[in-house]
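Notes for the structure review
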Amino acid sequence: MLRISIDRHKSRCSIWSGLASPLQNRSSVMFFILIVAWHAKLMANTIKASSPSQPDVQTAINSAGNDDTVIVPAGTANWSSTLVFTKGITLVGSTTTDSVAGTAKDQTIIQDSVPRVSGSGPFIKITTVLGSFYRVSGFTFQNGSATTSSVNGAIQILGDSHSVRLDHCHFMPMTYQGPDVQIKGAIFGVADHNVLEFTSKKAAFLFYAPNWPNPDGRAGTNGDGSWATPTNFGSQEFFFVEDNYITNLTSPFVEGPGHTDDSMGARWVFRHNHCYDTEVQTHGTECCRFRGGRAREVYNNDFHYAHLHPYAGIRSGVTITHDNTFDGVKPKSGMALEAYRAFFKFPGTPLPSWGGGTGDNPWDSNDTRNGPFTENSFNYNPVNGLYESGTASSGSSKTALVDTTKNWAPNQWQYFVAKRVSDNQVAFINSNASNTLTVTYYTDSGGGAVWAAGDQYQIHRPLVLLDQPGRGQGDLIVGSMPVNRATRRGTWPHEALEPTYSWNNIYIPNGASVDVYAHPLDNVKLQREGRDYYNNTPMPGCKPYTYPHPLTKTATKPSQASKKELKARENVFRSKLDGSLHRAGGRWKD
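Residues numbered from 1 in each chain as written. Predicted model: local features only at pLDDT ≥ 70, side-chain atom pairs only at ≥ 80, totals over all residues. Heavy atoms only, no water.

1. Quick notes on the nonpolar core
Selection rule: Nine residue types can take part in a nonpolar core, namely buried Ala, Val, Leu, Ile, Met, Phe, Trp, Tyr and Cys, and a core is a set of them joined through side-chain atoms within 4.5 Å. The cut-offs for exposure are 20% and 50% of the maximum accessible area for each residue type, with area from a 1.4 Å probe on protein chains only; residues under the lower value are buried, those over the upper are exposed, and the others partly exposed. For this analysis, residues touch if any pair of their heavy atoms sits within 4.5 Å.
In this structure, Leu91, Ile124, Phe141, Phe171 and Tyr311 are the most contacted members of the largest nonpolar core, which totals 62 residues. Among residues more than four places away in sequence, those in contact with Phe141 are Ile110, Phe123, Ile124, Ile155, Cys169, His170, Phe171, Met172 and Met174. By size, the runner-up hydrophobic cluster in this structure holds 17 residues, among which are Phe373, Trp413, Ile429 and Ala449.

2. Description of the environment of Pro382
Test applied: Strands here mean DSSP runs of E at least two residues long; helices mean DSSP runs of H or I at least four residues long; both are numbered from the N terminus.
Examined against the element boundaries, Pro382 turns out to sit in the loop between strand E35 (378-380) and strand E36 (388-391). What makes Pro382 buried here is its relative accessible area of 1%. It is 9.7 Å that separates the C-alpha atoms of Pro382 and Ile459, two residues lying 77 residues apart in sequence.

3. Looking at the confidence of the model for the chain
This is how the line gets drawn: pLDDT expresses, on a scale from 0 to 100, how confident the predictor is about each individual residue.
Per-residue pLDDT for the chain has a mean of 89; in total, 86% of the residues score no lower than 70. Ignoring residues within four places in sequence, the model shows residues 1-40, a span with pLDDT below 50, making 66 contacts including any to other chains. Note on residues 572-590: pLDDT is under 50 here. Beyond four places in sequence and across chains, it has 38 contacts.

4. Some remarks on the sheet that holds strand E7 (residues 90-92)
Threshold: Two strands form a pair only when DSSP identifies at least two bridges running between them. Only the contacting stretch of a helix is used when fitting its axis, a line to C-alpha atoms as for every element, and angles between N-to-C directions run 0 to 180 degrees.
Judged by pairing direction, the sheet is parallel, and its 12 strands sit side by side in the order E3-E4-E7-E12-E15-E18-E21-E24-E27-E30-E45-E49 without closing on themselves. Here the strands that pair on one side only, and so sit at the sheet edges, are strand E3 (46-48) and strand E49 (533-535). This sheet shows a mean twist of 10° between the axes of neighbouring strands, independent of strand direction. Sheet analysis places strand E30 (residues 318-322) next to strand E45 (residues 500-503), joined by three bridges and oriented parallel. The residue of E45 that forms the bridge with Thr321 is Ser502.

5. Describing the sheet that holds strand E37 (residues 400-402)
Read from one edge of the open sheet, six strands run E36-E41-E38-E39-E40-E37, paired in antiparallel fashion. Only two strands of the sheet have a single neighbouring strand rather than two, namely E36 and E37. Looking at each pair of strands side by side, their axes are set apart by 35° on average, direction ignored. In this sheet, strand E40 (residues 436-439) lies alongside strand E39 (residues 426-432) in antiparallel orientation, the contact comprising three bridges. Looking across to E40, one finds that Ile429 is bridged to Val439.

6. Let's talk about the state of the cysteines
Here is the rule: Disulfide: a pair of cysteine sulfur atoms within 2.5 Å of each other.
Under the criterion given, the structure shown has one disulfide. Between the sulfur atoms of Cys287 and its disulfide partner Cys288 the distance amounts to 2.5 Å. What makes Cys288 buried here is its relative accessible area of 11%.

7. Things to note about the pattern of salt bridges
Opposite charge on two side chains permits pairing when their charged atoms draw close. Which entries qualify depends on this criterion: For this document, the term salt bridge refers to a Lys or Arg side-chain nitrogen within 4 Å of an Asp or Glu carboxyl oxygen.
Across all of its chains, the model carries 21 salt bridges by this definition. Arg116 is paired through a salt bridge with Asp112; the nearest N and O atoms lie 2.6 Å apart. Of the two residues, Arg116 and Asp112, neither departs from the other in class, the shared state being buried. Arg271 is the partner of Glu242 in a salt bridge, and the nearest nitrogen-oxygen pair spans 2.7 Å. Of this pair, Glu242 sits in strand E21 (residues 239-242) while Arg271 sits in strand E24 (residues 267-271), placing them 29 residues apart in sequence. As far as the burial class goes, Glu242 and Arg271 line up, both buried. Via salt bridges that share partners, Asp224, Arg289, Arg291, Asp467 and Glu495 belong to a single interconnected network.

Written as structure tokens, this is what we have:
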């Protein structure tokens, strides 16, 4: 027979077991574990920091246990070090926000004087673990004496918790913090009812998921696991940004502040936000070893533009965008799909990059035709996908490759690529004359190919680039020097076609549709409407995840409930447990 004693004042349980069958003992142990877990939550504590200073808040957190709440009082504090914790706690200040009006009552104010050294700079750094709940709420963050930029986020959240909430915080313009929030891990959760303001070119949210689990469940690296597992749109398996107010206050106006960004297999949802002169942006699989952003949903947001600029740029993965509204100045363009490797080979520091989309890169799906054929009235005769080759002549430049030995038909090489043999740098061909290719030149990251007399070149044609927009789950890629695990070498990972869908995105003043498009200067053949993306077409089977996010309804933790409420919960739990313990050969003992 099982007897359990619980001391509600000292948070102790004791157990004595008499003679019982093995089945009864196993059941008894199971119920004992359930009781202990329930009782631990019941006895969660509220701890009050003596002031909003970083040492006092850190002291309060150090004394807290999982599921405890740490209250930070009103006041202004200049923080000169990062607040760090790993416990599953609720950290609450006194600031309140109105994320529709974009206003806040700034009560608990933290000023940025955190020193900047490698890997540092956040106000708050949280390392999460699976199974624990984390919440930060009610703080105002503003400039202090810091004069060096941090790229780790004012709030940096790491790990793999599936229960994270960041809410009702006011991020005032901070010159040396960017982004405001960095999510770095296979983290599910929500950022809601925050007010974020920008006067410099900093991101609002930056998403990474380097440790997303591989298909076998083990932690991945570089976002590889995210690219080898299903997308699962409409599920909780994303980080949600909802019901926030995000505004670009630059004067004179600068495009970019307050944007989103992603990389390393990140998955996120951006919905029901109020956005003022801000954009949605992503990064792709381009530089170094890591992968691009994996998947995102952007819907039911209202965008208000006082200046001319684009709405969104997507560089990799799967996107659905719908039911967004726009007013003020009409967006310069809709959501652009653009795989940057189509027109540039990124530098490979510290590891070789994925290379350019040269049409013969093994990481891509390439045209490998042999023999003569006719297409668009042009006659071609490739050999294993090599369509043309030669040597650049004088007169070549950043945007022109001249070969005076050629006599091409006008535009027969349009949308092919030219590869410089010496370094595999790539140039996307926009058009051609009889002996001149007009190509795209990329100015960032050291710049693209500057064609000079004597440069040898080849012309190929890629069909699908690694991780390009509209591609999803594929073979698992592994290793610091990457290989396709299925083939044990660098090969195309057979990524599924998962098109971009756009519908009911409306510019309110005239009812015009704000559409998705493939960038016409470098991606026009890689992303094709009706195959890789669809406008004014709902995604089949699309069903948004529960709104509001369920975590927004968990503000009341057991530690914050009244004694009467706790007693009522205990009584309900007891009544349900008594029968189960009886069947297991035991009973509840006060």
